[in-house]
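Chain by chain, the residues run as shown.
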Amino acid sequence: MYRRIHNENLVRRFFIRIIGIFIIATISIALYDMYLNINIENTPIAGSETIASTEETKAEKDICDTLENVSNAVVGISKLQTTDSSFLSLQAIETYNLGTGVIVAKEGYIVTNYHVSGKKSSKCYVTLEDGKEYSAQVVWTDENLDLSILKINATVEVNYAKMGDSDSLRIGQGVYAIGNPLGAEFQKTVTYGIISALDRTIKIDDAHKSSYMEDLIQTDASINSGNSGGPLIDKQGNVIGITSVKITDAEGIGFAIPINIIKPIIERLEITGTYEEASLGVYAYDKEAIQYINSSINFEYGIYVTEVLSEGAAKTAGIRVGDIIEKIDGIKLNKINDLKKHIYSKNVGEEVKLTILRNKQEFEIPVKLTKK
């Protein structure tokens, strides 16, 4: 009996050990498999580093190619200056560099700043990327926007940059500024930054008067003296703004004028070769800019009329100071550039319909545009 019990105990222990070994083996295999899976997940696939490196290299090359292409459309702009020569007691003429411009059409149209080119019909000199110099005619200007358009009659096909859509910009978007800071010595300098803010209004003070620039693009891309009139471009190489002014007592704050404002004029010039500017005959500000002039004026949207020209279209139509132009031809107005862009697309003598808010009452007024 004892021996039988003893044998049974041995058999039981044997099976227990077998089961224990099986359990331990199963757990060990599971843990090892888990370890292998973790290492497989964390271990780079053969060649993946090369693929990633190749993709980064290609992206970098694409950006460099894009910047090179746009840089070829960037020009230097100089003006004529008349000085007195004490030696000959006669007037001497010399050129001096003012700023930058960008060719935006194959016909040789160049966009720059008003303060770079000077008044309409004046002349200046344009230096292309290959060093060739051309005489340019100023065909359109807007002092308040600080924009102008020049025309050169090049004998060869010129490089030109494509215009983008400044209405679709987003804060944080990467941008590049290209220009000739500090003169020709540093021509076609490229700086990188982001869109820091949109629809900015700044006050410009000079010796004669104060003015306001509205709906500006703010960027931290470096903009220095000589950059004025150069392009602000997106990563696809599209011109989305024209650099203009900079706050000199702050770092990393520069401004550009949205390109969409000038598109209708460029398109008309490309098609017809001429542009006669229509005018509404008012000075007006949007809700952001009006706070600089009178903080007690508040309105939800629209353009506030601060002055009506005595012989303009608005005066004839009965527009008054204090009117808020809410819509033009049914288009809701939020920014002053919304109004200007629409007027720029119209012909002299063409009629537009304004939706006016006056003394809390809304009504429509037809206005026949006159020549500026």
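Residues numbered from 1 in each chain as written. Predicted model: local features only at pLDDT ≥ 70, side-chain atom pairs only at ≥ 80, totals over all residues. Heavy atoms only, no water.

Asker: Describe the overall build of the chain, with residues and values.
Answerer: Of regular secondary structure, the chain possesses seven helices and 20 strands. Taking all 372 residues of the chain together, 41% fall into the buried category. (Helix = DSSP H or I, 4+ residues; strand = E, 2+ residues; numbered from the N terminus. Buried < 20%, exposed > 50% of the residue type's maximum accessible area, 1.4 Å probe, protein only.)

Asker: Quick one: what's the story with the nonpolar core, residue by residue and with numbers?
Answerer: In terms of nonpolar packing, the biggest core is built from 33 residues, with W140, L147, I149, I262 and I265 touching the most fellow members. Residue assignment for this core shows that the elements contributing at least two residues are α2 (48-71), β3 (109-112), β6 (147-152), β7 (174-179), β9 (210-219), β11 (239-246), β12 (254-258) and α4 (263-272). (Core = buried A, V, L, I, M, F, W, Y, C linked by side-chain atoms within 4.5 Å.)

Asker: Which residues make up the environment of V116, and what values do they have?
Answerer: Inspection of the secondary structure assignment puts V116 in helix α3 (residues 114-117). Note on V116: relative accessible area 1%, which makes it buried. Between the alpha carbons of V116 and D146 there is a distance of 8.8 Å; along the sequence they are 30 residues apart. Contacts of V116, omitting those with residues within four sequence positions, involve I77, K79, L98, G99 and S228. (Contact = heavy atoms within 4.5 Å.)

Asker: I'd like to hear about helix α7 (residues 336-344), residue by residue, with values.
Answerer: Since the α-helix turns once every 3.6 residues, residues separated by three or four places project in the same direction. Along α7, seven of the nine residues are buried, which leaves the element largely enclosed by surrounding structure. Those residues of α7 that fall on the buried side of the exposure criterion are I336, N337, D338, L339, H342, I343 and Y344.

Asker: I'd love a proper account of the layout of surface pockets, names of residues and values included.
Answerer: Of the voids in this model, the largest pocket is the one considered here, and its volume is about 980 Å³. Taken together, 36 residues line the largest pocket, and the ones lying closest to its centre are D142, N144, Y283, K340 and K372. Those elements giving two or more residues to the lining of the largest pocket turn out to be β5 (133-142), β9, β13 (278-279), β14 (282-286) and α7. Along its surface, the second largest pocket is lined by 18 residues, and H115, D146, I204, D206 and V245 are the ones closest to its centre. Sorting the residues of the lining of the second largest pocket by element identifies α3, β8 (189-205), β9 and β11 as the ones contributing at least two each. Taken together, the residues that form the lining of the second largest pocket break down as five nonpolar, eight polar and five charged. (1 Å grid on protein atoms, 1.4 Å probe; cavity = no way out; pocket = protein on both sides within 12 Å on 5 of 7 lines; lining within 4 Å. Points joined across faces, edges and corners; volume = space filled by probe spheres on them. Nonpolar A, V, L, I, M, F, W, Y, C, P; charged D, E, K, R; others polar.)

Asker: Residues and numbers for the pairing of β5, please.
Answerer: Within a regular beta strand, the side chains point alternately toward one face of the sheet and then the other, so they alternate between its two faces. With five bridges joining them, strand β4 (residues 123-127) and β5 adopt antiparallel strand pairing. In the sheet register, T127 faces β5, and the bridge partner there is E133. If you look at the hairpin formed by β4 and β5, you'll find five residues sitting between the two strands, and G131 has a positive phi there, around 90°. Alignment of β5 against β6, held across six bridges, turns out to be antiparallel. (Pairing = 2+ DSSP bridges.)

Asker: Give a description of unusual backbone geometry that names residues and reports values.
Answerer: With a phi close to 60°, D215 is a non-glycine residue in the positive phi region. Mapping D215 onto the fold places it in strand β9. Judged by relative accessible area, D215 falls into the buried class, the value being 3%.

Asker: Before we move on, can you summarise the packing of aromatic side chains with the specific residues and values?
Answerer: Considering all chains together, one arrives at five aromatic pairs under this definition. Between the aromatic rings of Y176 and Y192, the centroid separation amounts to 4.8 Å while the plane-to-plane angle is 50°, which identifies the pairing as tilted. Separated by 16 residues along the polypeptide, Y176 in strand β7 and Y192 in strand β8 bring together distant segments of the chain. A relative accessible area of 12% means that Y176 is categorised as buried. Joined through ring pairs, the aromatic side chains of Y212, Y285 and Y292 make up one cluster. The ring of Y109 carries K151 above its face, with NZ or CZ at 5.5 Å from the centroid. A cation sits over an aromatic face here: K332 above Y301, 4.4 Å from the ring centre. (Phe/Tyr/Trp six-rings, centres within 6.5 Å; stacked < 30°, edge-to-face > 60°. Lys NZ or Arg CZ within 6 Å of the ring centre and 35° of its normal.)

Asker: Quick rundown of the pairing of β9? Include the residues and the values.
Answerer: Across the ten residues that make up β9, a large majority, eight, are buried. By the bridge criterion, seven bridges tie β8 to β9 in an arrangement that is antiparallel. Bridge pairing links D205 to S210 in β9. Direction of pairing for β9 relative to β12: antiparallel, over a ladder of three bridges. Bridge pairing in β12 places Q218 opposite F255.

Asker: Provide a residue-level description of the confidence of the model for the chain, including the pertinent values.
Answerer: When the pLDDT values of the chain are averaged, the result is 84; 78% of them are 70 or greater. With pLDDT under 50 throughout, residues 84-93 is counted as low confidence; its partners more than four residues away or in other chains account for 13 contacts. (pLDDT = per-residue confidence, 0-100.)

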